[in-house]
Amino acid sequence: MTSGSCSPLSHGASLFPHLHKFLICCRLPLERVCVVWHDFHVPPTCWSPEEGAAGSPQQLGDECTLRSVYDDQPNAHKKFMEKLDACIRNHDKEIEKMCNFHHQGFVDAITELLKVRTDAEKLKVQVTDTNRKFQDAGKEVIVQTEDIIRCRIQQRNITTVVEKLQLCLPVLEMYSKLKEQMSAKRYYSALKTMEQLENVYFPRVSQYRFCQLMIENLPKLREDIKEISMSDLKDFLESIRKHSDKIGETAMKQAQQQKTFSVALQKQNRVQFGKNMYFNDRIPEERNEVELKRAFEEEDENEEEVLTVQDLVDFSPVYRCLHIYSVLGDEETFENYYRKQRKKQARLVLQPQSNMHETVDGYRRYFTQIVGFFVVEDHILHVTQGLVTRAYTDELWNMALSKIIAVLRAHSSYCTDPDLVLELKNLIVLFADTLQGYGFPVNRLFDLLFEIRDQYNETLLKKWAGVFRDIFEEDNYSPIPIVNEEEYKVVISKFPFQDPDLEKQSFPKKFPMSQSVPHIYIQVKEFIYASLKFSESLHRSSTEIDDMLRKSTNLLLTRTLSSCLLNLIRKPHIGLTELVQIIINTTHLEQACRYLEDFITNITNISQETVHTTRLYGLSTFKGKVAQTACMSACQHLSTSLMQMLLDSELKQISMGAVQQFNLDVIQCELFASSEPVPGFQGDTLQLAFIDLRQLLDLFMVWDWSTYLADYGQPASKYLRVNPNTALTLLEKMKDTSKKNNIFAQFRKNDRDKQKLIETVVKQLRSLVNGMSQHT
C-alpha cells in the first residue's frame, strides 16, 4: 500500500454513513447491496473452494464485493458512492410513485372506519343498558337466596349450640365465678374454684379450644394472684415504712406516760424521807407534788386514746399474702422475700441523716422510726406462725443495735451543747425502755449512756469553765463589805460561811473572801444538779449515782476550776494583792467542800451510814500549783532571757570560749531546776524550760553539724528544738570572730579546715532558712 492511497479503515469510515442511509431509504437487503458491487467488475478471485464450508459462493462473493471497497483499487470507493447515490434516487422515485398510487384507497378506508365507529358506540350503549337491567333484576333473587341459606345454617347451628352449651355452660359459669372472685380480691376462694375447674369441669369439655385456653390461663391466674398478693405486700411494706415514725412515736409516748406516772409515784414516796435533809438546797416537795399531779392529769387525758399498732396499720395484706402462698405451697419464698425486704428497710431506717446531731428532733425522728420498725416486727412475730421467728428478730435487733450504737457514738461526739446531750440521753432512755417493754435486750444502750455521760460531763466542764472565767472577770478581788444584817444573810444564804468572830463584829464589816466565792459555790451546786439530771433514769442505784456525782464534781474542782485559777494568776494584771486574795478565796472554797459532800448525799437520798468513801478533793493542790506556776514562769523567763542574750543584735561577735562559759551558766540553771525547788513537778518538767538552750549549746559544743543537717525535720532528731535561723545567727557571730584571727589561722591547717566547715554549714543553714521562708 502506497502512502498516497487510502486505508481500508478510512474507506469504511466514509462508506458507512452512505450505506446506512441507502439501506434505510430503499429498505434493500444486504444481498441486493452486494449485487451493486458486481457492477464494479471486481474479479471473483476473493472466493476460493477452501471457503465453501463457510457459505455459498453467492454469499462469499457478496462478502468479497464488500471487502473490495476497502481494497486498494483505483477509484473503487468513488465509483461505489456514485452507484449508491444513483440507486437511492431511483428508489426514492419508486416510493413516491407507490404512495401516489395507494393514497386514494387509504383515504376511503379511513372514511369507512369513521362511519363504523358511530355504530359501534350505539351498540356499546345498548349492551351496557341491557347488562344493567339484568343485574338489577337478579339482585333481589340473590338476596333472597342468601337469606334462605343463612337462615337454614343458623337454624342448624342453633340446634348444635344449644346442645353444646348445655355441656359447657357449667364450665363457663364456674370460670365466670372465678373472674368475679379475682375482681373482688377473694383470692383464696379463687384458688379453690380453680381446683374444682381442673378436677371436675374441664375434663367434660376438654375437646374444645376455649377449654384449652382456660386450662392454659389458670397458671397465669395463679401467677397473677401471687403477683397481686406480692403487690399488696409491697404496698403494706411501703405503708409501714411511711408509718414507722408514727408507730414509734405512739409507742414511745405510751412508754413515756407509764414512766412519768411511775417516777412521780416514786418521788412522792421519797418526799417524806428527804424533804428536810437539805442545807441551802432547793425544796423538792412542791415540785414532786406538781409532777405527780401532772402525771395523773396526763394519764386521765390519754386513757381514752390508747392506740395500738393495729390501729395505725392494716396488717390484712400480709396475712392474706401469707395464706395464699401457703395454699400454693410456696410459703418459703414468701418468708424469704418478706425477711429480705424488711432487712433492707431496717438498713434504711438505721441510716441517719448527716445533720442529725444538730437538733433533738433529728434524734427523735431516728428513734421513732426504729421503734416503729421493731414494734411491727414484734406484732408480726406474735400473730403469725413462722413468718417471723424469735431467732430472726433477735438477729435483726443485734444487727440494728450495733449500728445504732455506732451512729449514736459518732453523732453524739459532735454535740457541744450539754442541754442537747441531756435531751439525747432522755431520748435514748425512752427508746431503750420502749423496746425493752417489747422484749428486746437494751443493756448495751445503757452501757453507751455511760460513755455519753462522760461526754456530757466534758461539755458541762467546758460550759462551767466559761462561767468561772466570767465570775473571775467580774470580781474585784477584795473582801465583801457588809453594812447591815440583810446583806449578811444574803451572803450566808449563798455560801456556808461560819466565823464566830465575824458574827460578833458590828456593822459595817467584811467577809474575808471576795464576791467570786459565793458565786462559784452556787455554780458548783448548779453543776451537780446538771450532772444529776443525766444520772437519773439510768437504772442505777442511789449509791452509784452518788459516786458518779462526786467524781464529776471532783473533776470540776480539780481540773476546771483549778485551770481557771491558774490562767487567772498568769494574767499580767494580777498583782501581789490580788494573788493573796485568790489564795484566801481558795481556802474558803476548800473548806466548803464538806458542805458540797452533804449536798450530794441529800439529793441522792443516801443515808449517812452508806455514804460512799469517795471524797471531794477540792482545791488542796491549787496553792502548790501557784508556786509551781511561779517557779516554771521564772525558769521560762530566765531561759528566754539567756536565749535573747545570745541572739542580741548588739552582740556582734562571740568566741568558742564565751560559748563554753555560757554553757556552764546554763548548767547551773539546770541544776537548780533538777533540785526540785518546788514540790509537785513530775520528772524533769522544770528542766524542759531550758531544753531549747541545751540543744543549741550541745550542737555548738560537740560541733555535730553533720547530725543536725542529716536529721533536720525528723521527729526523732537529736536537735529537734534548734531553729536553723537561730543556729545561723550564732554561727555567723562565731564566723566573724574567726575572720578576725585569720592572719594566724592561715598558718594552721586545723583552723583553716574549721573555717571552711563553718562557711559550708552557713551556706546549708541559709538554704534551710530560705526553704522555710518559701514554705511559709
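Everything quoted here is computed from the prediction, not taken from an experiment. (Residues numbered from 1 in each chain as written. Predicted model: local features only at pLDDT ≥ 70, side-chain atom pairs only at ≥ 80, totals over all residues. Heavy atoms only, no water.)

1. Describing the overall build of the protein
On a plain count of helices and strands, the protein comes out with 27 helices and two strands. Taking all 776 residues of the protein together, 38% fall into the buried category. Long-range contacts, defined as pairs at least 24 residues apart, comprise 79% of the intrachain contacts of the protein with a sequence gap of at least 6. When the accessible area of the protein is evaluated, it comes to approximately 45,700 Å², of which 54% is carbon and sulfur surface. (Helix = DSSP H or I, 4+ residues; strand = E, 2+ residues; numbered from the N terminus. Buried < 20%, exposed > 50% of the residue type's maximum accessible area, 1.4 Å probe, protein only. Contact = heavy atoms within 4.5 Å. Areas by Shrake-Rupley, 256 points an atom, 1.4 Å probe, with all protein chains shown as cover.)

2. Looking at the nonpolar core
One finds Phe367, Ile404, Phe431 and Phe468 to be the most contacted residues of the largest nonpolar core, which totals 114 residues. In terms of residue count, the dominant contributor to this core is helix α14 (residues 443-474) (14 residues). If we skip the residues at most four places from it in the chain, Phe367 touches Met252, Leu408, Leu424, Leu427, Ile428 and Phe431. In terms of nonpolar packing, the next biggest core, distinct from the first, is built from 38 residues, Ala689, Phe700, Leu730 and Ile758 among them. (Core = buried A, V, L, I, M, F, W, Y, C linked by side-chain atoms within 4.5 Å.)

3. Re empty space enclosed by the protein
Tallied over the full model, the rule gives three cavities of 30 Å³ or more. As a volume, the second largest cavity reaches approximately 50 Å³. Taken together, Phe472, Tyr477, Ser516, Ile520, Leu565, Leu568, Ile582, Asn585, Thr586 and Leu589 make up the full set of residues lining the second largest cavity. For the lining of the second largest cavity, the secondary-structure elements that each account for two or more residues are α17 (516-535), α18 (542-569) and α19 (576-591). (1 Å grid on protein atoms, 1.4 Å probe; cavity = no way out; pocket = protein on both sides within 12 Å on 5 of 7 lines; lining within 4 Å. Points joined across faces, edges and corners; volume = space filled by probe spheres on them.)

4. Looking at a nonpolar patch on the surface
Together, Phe106, Val107, Ile110, Leu113 and Leu114 line one region of the surface with nonpolar side chains, adding up to about 470 Å² of accessible area. Positionally, Phe106 belongs in helix α4 (residues 76-183). Classification of Phe106 as exposed rests on a relative accessible area of 55%. (Patch = residues over 30% accessible without salt bridge, like charges linked within 9 Å, V, L, I, M, F, W, Y side chains within 5 Å. Salt bridge = Lys/Arg side-chain N within 4 Å of Asp/Glu carboxyl O.)

5. A few points about the environment of Met174
Its location among the elements puts Met174 in helix α4. For Met174, a relative accessible area of 10% puts it in the buried group. For the pair formed by Met174 and Thr193, sequence separation is 19 residues and the distance between their alpha carbons is 7.2 Å.

6. A look at the packing of helix α12 (residues 390-412) against α14
Geometry of a packed helix pair, given as the angle between the helix axes and the separation of the axes. Two elements in contact, α12 and α14, have axes whose closest approach is 11 Å; the angle formed by their N-to-C orientations is 5°. It follows from the interaxial angle that α12 and α14 lie roughly parallel. Along the contact surface, α12 presents Asn398, Leu401, Ser402, Ile404, Ile405, Leu408, Arg409 and Ser412, while α14 presents Arg444, Leu445, Leu448, Glu451, Ile452 and Gln455. Residues belonging to the contact of α12 with α14 are distributed by class as follows: seven nonpolar, four polar and three charged. (Axes fitted to C-alpha atoms, helices over the stretch in contact; angles between N-to-C directions. Parallel < 35°, antiparallel > 145°, perpendicular 65-115°, else oblique. Nonpolar A, V, L, I, M, F, W, Y, C, P; charged D, E, K, R; others polar.)

7. Some details on the environment of Tyr414
With respect to the secondary-structure elements, Tyr414 resides in the loop between α12 and α13 (418-437). For Tyr414, a relative accessible area of 53% translates into the label exposed. A C-alpha to C-alpha distance of 8.4 Å links Tyr414 and Glu358, two positions 56 residues apart in sequence. Those residues within four positions of Tyr414 in sequence are excluded, and the remaining contacts are His357 and Gln455.

8. What about the packing of aromatic side chains?
Scanning all chains against the criterion turns up 25 aromatic pairs. Relative to Phe315, the ring of Phe236 has its centre 5.5 Å away and its plane inclined at 55°; by these criteria the two rings are tilted. With Phe236 in helix α6 (residues 209-274) and Phe315 in the loop between α8 (309-312) and α9 (316-327), this pair connects stretches of sequence that are 79 residues apart. Since its relative accessible area comes to 3%, Phe236 is described here as buried. (Phe/Tyr/Trp six-rings, centres within 6.5 Å; stacked < 30°, edge-to-face > 60°.)

9. Quick word on the pattern of salt bridges
In total, this model carries 23 salt bridges according to the counting rule given. In this structure, the salt-bridge partner of Arg453 is Asp454, at a minimum N-O distance of 3.3 Å. Asp454 gets classed as partly exposed once you look at its relative accessible area, which sits at 40%. Residues participating in the shared-partner salt-bridge network are Asp129, Arg132, Lys133 and Asp136.

10. Section: α12
With 23 residues, α12 should reach 33 Å at 1.5 Å per residue; the first-to-last C-alpha distance of 31 Å fits that figure. All of the buried residues along α12 are Tyr392, Thr393, Leu396, Trp397, Ala400, Leu401, Ile404, Ile405, Val407, Leu408, His411 and Ser412. Where the residues of α12 are buried, they touch α10 (331-350), α11 (360-383), α13 and α14. (Expected span 1.5 Å × (residues − 1).)

11. Some thoughts on the confidence of the model for the protein
Mean pLDDT over the protein stands at 79; residues scoring 70 or higher make up 79%. Of the regions scoring below 50 in pLDDT, residues 1-16 engages in 20 contacts with residues more than four places distant in sequence or in other chains. Predicted confidence is poor over residues 272-288, with pLDDT under 50, and the contacts of this stretch with residues over four places away or in other chains come to 24 contacts. (pLDDT = per-residue confidence, 0-100.)

12. Some remarks on unusual backbone geometry
For the bond from Phe507 to Pro508, the omega torsion is -5°, close enough to zero to count as cis. Topologically, Pro508 is positioned in the loop between α16 (500-504) and β2 (509-510). Phi at Tyr477 takes a positive value of approximately 55°, unusual for a residue other than glycine. Relative accessible area serves as the criterion here: at 9%, Tyr477 is assigned to the buried category. Although it is not a glycine, Trp703 sits at a positive phi angle of roughly 60°.

13. Comments concerning the environment of Ile520
Its location among the elements puts Ile520 in helix α17. Counting along the chain gives 52 residues from Ile520 to Phe468, while the straight-line C-alpha distance between them is 6.9 Å.

14. Considering α17
With 20 residues, α17 extends 29 Å between its outermost C-alpha atoms, agreeing within 8% with the 28 Å of an ideal straight helix rising 1.5 Å per residue. Phi turns positive, to about 65°, at Ser537, one or two residues after α17.

15. Describing the side chain of Glu335
Inspection of the secondary structure assignment puts Glu335 in helix α10. The side chain of Glu335 sits in the buried core without any salt bridge; Arg339 is the nearest counter-charge, 4.6 Å away. Not counting the four nearest positions on each side in its chain, Glu335 is found in contact with Gly386 and Leu387. (Lys, Arg positive; Asp, Glu negative; His and termini not counted.)

16. A word on the state of the cysteines
By the definition in use, this model includes zero disulfides. Residue Cys211 stays outside any disulfide, its sulfur separated by 8.3 Å from that of Cys168, the closest cysteine. (Disulfide = S-S within 2.5 Å.)

17. Overview of the packing of α9 against α10
For the pair α9 and α10, interaxial distance at closest approach is 7 Å and the crossing angle is 145°. Of α10, the residues touching α9 (which contributes Val318, Cys321, Leu322, Tyr325 and Ser326) are Glu331, Phe334 and Tyr338. Across the contact of α9 with α10, the residue classes tally to six nonpolar, one polar and one charged.

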